[in-house]
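Each chain, written out:
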Amino acid sequence: MSSPLAYLRYGLILLPAAADMFLQQLDDYGEYMVFVLLFLAVTVLSRFLPTPSAAKAAAVVEIALSFWLCHQYGFMMVFLSVSTMCVYLPLLERSWRWWFAFAHLGLLNIAIAGWDPLLTTTANLVFLFFAAAFGQIHQLFEKQADHIKLYDELKRLHFQQDEAGRQLLQFAHQVERAAQAEERNRISRQLHDDIGHRLIRIKMMMEAAVHTVPRDSARGMELLHQIRDQLGDSMEQLRSAVKQMSPHRRMADDYSLDRLLAETGKETGIETDLELQGMPYPLYPSQQVVLYKNAREAITNALRHGGATHVRIFLHYGEDEVRMEVSNNGKVPEPADGPDPGQGKQGIGFSGMLERTKVVGGTLTVQQSAPFTVITRLPVYRKREIV
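Residues numbered from 1 in each chain as written. Predicted model: local features only at pLDDT ≥ 70, side-chain atom pairs only at ≥ 80, totals over all residues. Heavy atoms only, no water.

If you check an unreviewed UniProt entry, the protein chain appears there as histidine kinase from Paenibacillus lactis 154. As stated in UniProt under Catalytic activity (unreviewed entry), the record for the protein chain gives "ATP + protein L-histidine = ADP + protein N-phospho-L-histidine." (UniProt positions renumbered as here; feature names shortened; annotations may be inferred.)

S.K.: Explanation requested: the packing of helix 2 (residues 29–46) against helix 3 (residues 52–73) in the structure shown.
M.R.: For any two helices packed against each other, the geometry comes down to the angle between their axes and how far apart the axes lie. Where helix 2 contacts helix 3, the two axes come as close as 9 Å, and the packing angle between them is 160 degrees. Classified by the interaxial angle, the pair formed by helix 2 and helix 3 is roughly antiparallel. Considering the relative orientation of helix 2 and helix 3, their crossing is left-handed. Contacts between helix 2 and helix 3 involve E31, Y32, F35, L38, F39, V42, T43 and S46 from the first element and A55, A58, V61, E62, L65, S66, W68, L69 and Y73 from the second. In terms of residue class, the contact of helix 2 with helix 3 is made up of 12 nonpolar, 3 polar and 2 charged. (Axes fitted to C-alpha atoms, helices over the stretch in contact; angles between N-to-C directions. Helix = DSSP H or I, 4+ residues; strand = E, 2+ residues; numbered from the N terminus. Parallel < 35°, antiparallel > 145°, perpendicular 65-115°, else oblique. Left-handed = near helix turned anticlockwise from the far one by under 90°. Contact = heavy atoms within 4.5 Å. Nonpolar A, V, L, I, M, F, W, Y, C, P; charged D, E, K, R; others polar.)

S.K.: What is the right way to read the UniProt feature "transmembrane region" (unreviewed entry) in the protein chain from this model?
M.R.: Residues annotated by UniProt as "transmembrane region" (unreviewed entry) correspond here to residues 6–23, 30–49, 73–91 and 121–141. Structurally, residues 73–91 comprises 74% helix and 0% strand, and the distance from its first C-alpha atom to its last is 29 Å. Secondary structure within residues 121–141 divides into 100% helix and 0% strand; the distance between the first and last C-alpha atoms comes to 30 Å.

S.K.: Could you clarify how one ought to interpret the pattern of salt bridges in this entry?
M.R.: Side-chain pairs of opposite charge can arise where the charged atoms are in close proximity. On inspection of all chains with the given rule, the structure shows 8 salt bridges. The residue R166 makes a salt bridge to E163 at a minimum N-O spacing of 2.7 Å. With a gap of 3 residues between them, R166 and E163 both fall in helix 7 (residues 117–212), about one helical turn apart. For the salt bridge of R323 with E325, the shortest nitrogen-to-oxygen distance reads 3.0 Å. (Salt bridge = Lys/Arg side-chain N within 4 Å of Asp/Glu carboxyl O.)

S.K.: Honestly, the pairing of strand 1 (residues 271–277) in this entry has me stumped. Any pointers?
M.R.: Each regular strand carries side chains that alternate between the two faces of the sheet. Bridge count between strand 1 and strand 2 (residues 310–317): 7 bridges; the pairing is parallel. Residue pairing for strand 2: Q277 is matched across the bridge by H316. Following the chain from strand 1 across helix 11 (residues 285–304) to the adjacent parallel strand 2, one finds a crossover that is left-handed. (Pairing = 2+ DSSP bridges. Right-handed = clockwise from strand over helix to strand, strands pointing away.)

S.K.: How should the environment of Q367 be read in this particular structure?
M.R.: Structurally, the position occupied by Q367 is in strand 4 (residues 363–367). Placed 42 residues apart in sequence, Q367 and E325 show a C-alpha to C-alpha distance of 9.7 Å. Look past the residues within four positions of Q367 in its chain and what remains in contact with it is F372 and T373. Within the local environment of Q367, its side chain forms a polar contact with the backbone oxygen of P371, the two atoms lying 3.5 Å apart. (Polar contact = N/O pair within 3.5 Å; in protein donor to acceptor, adjacent residues only side chain to side chain.)

S.K.: Mind showing me how you'd approach the confidence of the model for the protein chain here?
M.R.: The predicted coordinates of low-pLDDT regions are not to be read in fine detail. Considering every residue of the protein chain, the mean pLDDT works out to 80; 87% of them sit at 70 or more. The low-confidence segment residues 338–346 (pLDDT under 50) makes 17 contacts with residues lying over four places distant or belonging to another chain. This stretch, residues 383–387, has a pLDDT under 50; its non-local contacts, to residues over four places away or in other chains, come to 2 contacts. (pLDDT = per-residue confidence, 0-100.)

Dropping the structure here:
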């Protein structure tokens, strides 16, 4: 029982008991005080009972004692009987509360059967008034408890959402760091394989020029011009690699489809085309990595196995997914006889694309008809604007 109801309950006991001492002449004030204090003691003890069953038993004792007080000392004792409703209304289920209250009222009318009709009617109206009032107060307390419970649940869910957001952000950072590490490894391999081999070739050409210039100056000058061109290309590749390793580069730059197509067209001489549809929105780093690597793998397969001369990337930003279609005009591979016929002769590359797509909850499909198309679909989760 909450503190406001406890104060009201004690007020319904002490004030009517004190007023009754002044409103009527009692034969024995000491006996009257003993019974009132006994009722008050039962009331106080009922607050400290350990179980609801014991509290209900105490309420029954209070009702019986209040009936006897009503029969012995008159109208003011009705308020003591009314105060008992503060105990059993919160303890009983909704379907049993009012049945118990009506039974309480019936027993009260038996106790005051010999009273004047006006006092009997007044006692019944007082009981019904307080029953309705206590019922409304108890419903308000129940709603307040439900609101507090709901608030605690929302608070718990909010903490869980924050924790999930922190974990997702941490995962995104891990994916980004892993992608950057992979990019650095690729650049180191490029430095070793391309620039290193080119420098070895330049060294050998310079040794040849040293021996050729004294005997054949024209051939020697031609070798020197080739060495100059090779050094220029090496410096350009080195500058590009250093630029890619710059800490100020954003991940969006490292995994840009524009940059992928531009580099592909420059290195291979094929035609490339990028088409966007829908309003672009930010993607998670893991999604950017999957789209970039799938596009790169699809382009590599198109050049290596299909002999394509034109590659097109179509990127659609939808409400629930982002869809990337990488198509080419090359030879359509023959379907395989395995579990995934769409992979054709390019099974290893497509298996890698399929695995990384599934990690982020996406799907990968292959269109076998010309133009040969690899379709990547990734689900997106973003906050919608509230209208």
